[in-house]
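Below are the chains, spelled out letter by letter.
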Amino acid sequence: RLKGPVWFADLTRRAAARVPAGEEAVLAVYLHPWEYITIPPTVRCDECMISFDDFIHVGTGQAALDGLDHYISLMRADGCAFTTMRRYAERFRG
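These figures come from a predicted structure and were not determined experimentally.

Right, let's get into the side chain of threonine 60. Here threonine 60 shows up in the loop between helix 2 (54–57) and helix 3 (62–77). Separated by 2.9 Å, the side chain of threonine 60 and the backbone oxygen of histidine 57 make a polar contact.

This is the structure:
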């Protein structure tokens, strides 16, 4: 999120390039679900006020969703497939 979808796509490509020919490459990415809602710079409650550094709240919400869509589009254009960990694990059950 902080460096953008193009940077992350390039990182993904560099990592995949290290996989020996003929072997399957798997990238498992954990995404913080709270980044896909807009996080305000400040949260006020009865007892306190919490102010977040910019790297916590900038680029959340719709900007994060747009970045994820862009990353997925870039990777699909490269021929990558997406699945869940559960579906991937089912491939190995006897």
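Tallying each qualifying case throughout the model produces three salt bridges. Salt-bridge contacts for aspartate 10 lead to arginine 13; the nearest nitrogen and oxygen are separated by 2.9 Å. Here arginine 13 and aspartate 10 lie together in helix 1 (residues 5–17), a separation of three residues that amounts to about one turn. Arginine 13 is the partner of aspartate 78 in a salt bridge, and the nearest nitrogen-oxygen pair spans 2.5 Å. In this pair, aspartate 78 sits in the loop between helix 3 and helix 4 (85–90) while arginine 13 sits in helix 1, placing the two residues 65 residues apart along the sequence. For aspartate 78, a relative accessible area of 43% gives the class partly exposed. One salt-bridge network, in which partners are shared between bridges, spans Asp10, Arg13 and Asp78.

Moving on, we come to the environment of isoleucine 50. Structurally, isoleucine 50 is set in strand 2 (residues 49–51). Between the C-alpha atoms of isoleucine 50 and threonine 38, which are 12 residues apart in sequence, the distance is 15 Å. Excluding residues that lie within four positions of it along the chain, isoleucine 50 makes contacts with Pro41, Thr42 and Val43.

Calculation rules
- Residues numbered from 1 in each chain as written.
- Predicted model: local features only at pLDDT ≥ 70, side-chain atom pairs only at ≥ 80, totals over all residues.
- Heavy atoms only, no water.
- Helix = DSSP H or I, 4+ residues; strand = E, 2+ residues; numbered from the N terminus.
- Polar contact = N/O pair within 3.5 Å; in protein donor to acceptor, adjacent residues only side chain to side chain.
- Salt bridge = Lys/Arg side-chain N within 4 Å of Asp/Glu carboxyl O.
- Buried < 20%, exposed > 50% of the residue type's maximum accessible area, 1.4 Å probe, protein only.
- Contact = heavy atoms within 4.5 Å.

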